[in-house]
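# Structural overview for review
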Amino acid sequence: MIVTIGNTKGGVGKTTIALNLAIARARTGRDVWLVDGDRQGTAQAAIALRAESAQVPAIACATYPSGSTLRSQVLHQSARFDDTIIDAGGRDSTALRAALVLSDVLLVPFQPRSYDVWALDDMAELVEEAHTVREGLRALAVLNCADPGDRSRDNSEAAAAVGEIARFEYLATPLRRRKAFANAAGAGLSVLEIMPRDKKAIDELNALVRIVFNINSIVL
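My aim in this report is to walk through the structure given alongside it, one point at a time. What you see is a predicted model; the values in this text were computed from it and never measured.

## Comments concerning the overall build of the protein chain
Helix and strand counts for the protein chain stand at 8 helices and 7 strands. Over its C-alpha atoms the protein chain spans a radius of gyration of 16 Å, differing by no more than 12% from the 17 Å that the globule rule assigns to 220 residues. Each principal axis of the C-alpha atoms in the protein chain carries an extent, and together these give about 45 × 40 × 30 Å. Out of the 220 residues in the protein chain, the part that is buried amounts to 54%. Counting contacts in the protein chain only where the partners sit at least 6 residues apart, residues at least 24 apart contribute 79% of the total. Across the protein chain, the 25 positively charged side chains and the 26 negatively charged ones have centroids separated by 5 Å.

## Structural notes on the packing of aromatic side chains
Applying the stated criterion to the full structure yields 4 aromatic pairs. With 6.4 Å between their ring centres and 55° between their planes, Phe110 and Tyr170 make a pair best called tilted. Here Tyr170 lies in strand β7 (residues 169-176) and Phe110 lies in strand β5 (residues 105-110), a separation of 60 residues in the sequence. In textbook terms, an aromatic cluster arises when at least three aromatic residues are bridged by ring pairs, as seen for Trp33, Tyr64 and Phe81.

## Examining the side chain of Asn7
Checked against the element boundaries, Asn7 lands in the loop between β1 (2-5) and α1 (14-26). Engagement of the side chain of Asn7 in a polar contact is seen with the backbone nitrogen of Lys9, the distance being 2.9 Å. Polar contacts involving the side chain of Asn7 include one to the main-chain carbonyl oxygen of Pro109, which spans 2.8 Å. Contact partners of Asn7, with chain neighbours within four places excluded, come to Val12, Lys14, Gly89, Gly90, Arg91, Val108, Pro109, Phe110, Ala119, Leu120 and Met123.

## Here's the deal with the layout of surface pockets
Taken as a whole, the largest pocket encloses approximately 150 Å³ of empty space. Element by element, the count of residues in the lining of the largest pocket is highest for α1, at 3 residues. Looking at the lining of the largest pocket residue by residue, the classes come out as 1 nonpolar, 8 polar and 3 charged.

## Considerations on the side chain of Asn144
Residue position: Asn144 is located in strand β6 (residues 138-146). Overall, the relative accessible area of 7% leaves Asn144 in the buried class. Polar side-chain contacts of Asn144 include one of 2.8 Å to the backbone oxygen of Val12. Among all residues touching Asn144, those that are not within four sequence positions of it are Val12, Gly13, Ile17, Pro109, Phe110, Gln111, Pro112 and Leu175.

What counts as what
- Residues numbered from 1 in each chain as written.
- Predicted model: local features only at pLDDT ≥ 70, side-chain atom pairs only at ≥ 80, totals over all residues.
- Heavy atoms only, no water.
- Helix = DSSP H or I, 4+ residues; strand = E, 2+ residues; numbered from the N terminus.
- Rg over C-alpha atoms; globule rule 2.2 N^0.38 Å.
- Buried < 20%, exposed > 50% of the residue type's maximum accessible area, 1.4 Å probe, protein only.
- Contact = heavy atoms within 4.5 Å.
- Lys, Arg positive; Asp, Glu negative; His and termini not counted.
- Charge placed at Lys NZ, Arg CZ, Asp CG, Glu CD.
- Phe/Tyr/Trp six-rings, centres within 6.5 Å; stacked < 30°, edge-to-face > 60°.
- Polar contact = N/O pair within 3.5 Å; in protein donor to acceptor, adjacent residues only side chain to side chain.
- 1 Å grid on protein atoms, 1.4 Å probe; cavity = no way out; pocket = protein on both sides within 12 Å on 5 of 7 lines; lining within 4 Å.
- Points joined across faces, edges and corners; volume = space filled by probe spheres on them.
- Nonpolar A, V, L, I, M, F, W, Y, C, P; charged D, E, K, R; others polar.

Encoded structure:
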């Protein structure tokens with residue numbers, strides 16, 4: 001499966017989610033390839049930290065910020081892997097557009113802020129364009145860095161606004177604002193690996209993995 005984590009809005013947590021999804025799948029024995037489509041190379045840097053500490057499972061990673069290069073390399077190499085996770089940059093880039101027409105699933109993280117919700121309209125237009133080439137593309141939106149608690153007005157208003165965008169399937173599996181996600185990503189790890197374990201963060205990640213990859217099992 002090819003999954004792109006993308007948004008034209010920066011700072012929504014794309015790389016952290018891409019890293020966590022890639023590691024979660026690799027921990028189940030899947031052969032995973034993480035593709036960094038951002039010129040900043042943050043995902044590649046995280047994987048380098050992981051390799052330096054000899055953390056297992058190892059994750060294959062490559063950086064292709066050019067849309068044409070990303071397209072040709074993913075077409076050429078993705079069949080070697082069970083899952084390809086593409087971390088697209090936070091803008092309307094050639095890499096993001098190329099990823100959309102290659103992917104089975106687009107996961108769009110957004111935070112409970114007006115600017116983030118407004119940016120989803122731009123993403124919806126890109127999805128519309130991609131559907132002319134990739135009819136089977138499944139577009140999902142997930143609330144990231146959600147406010148703690150189940151009664152946050154900002155969370156509920158953001159979710160309601162996304163529900164009005166026809167191109168997206170809103171996932172009722174938010175990732176809340178937890179230090180475990182940031183601390184783990186900064187070390188090239190997933191919340192499944194960092195100590196001390198944060199059960200709530202793990203449960204949230206597992207819920208997201210199950211929906212994105214359409215599976216029933218959890219990752220420990």
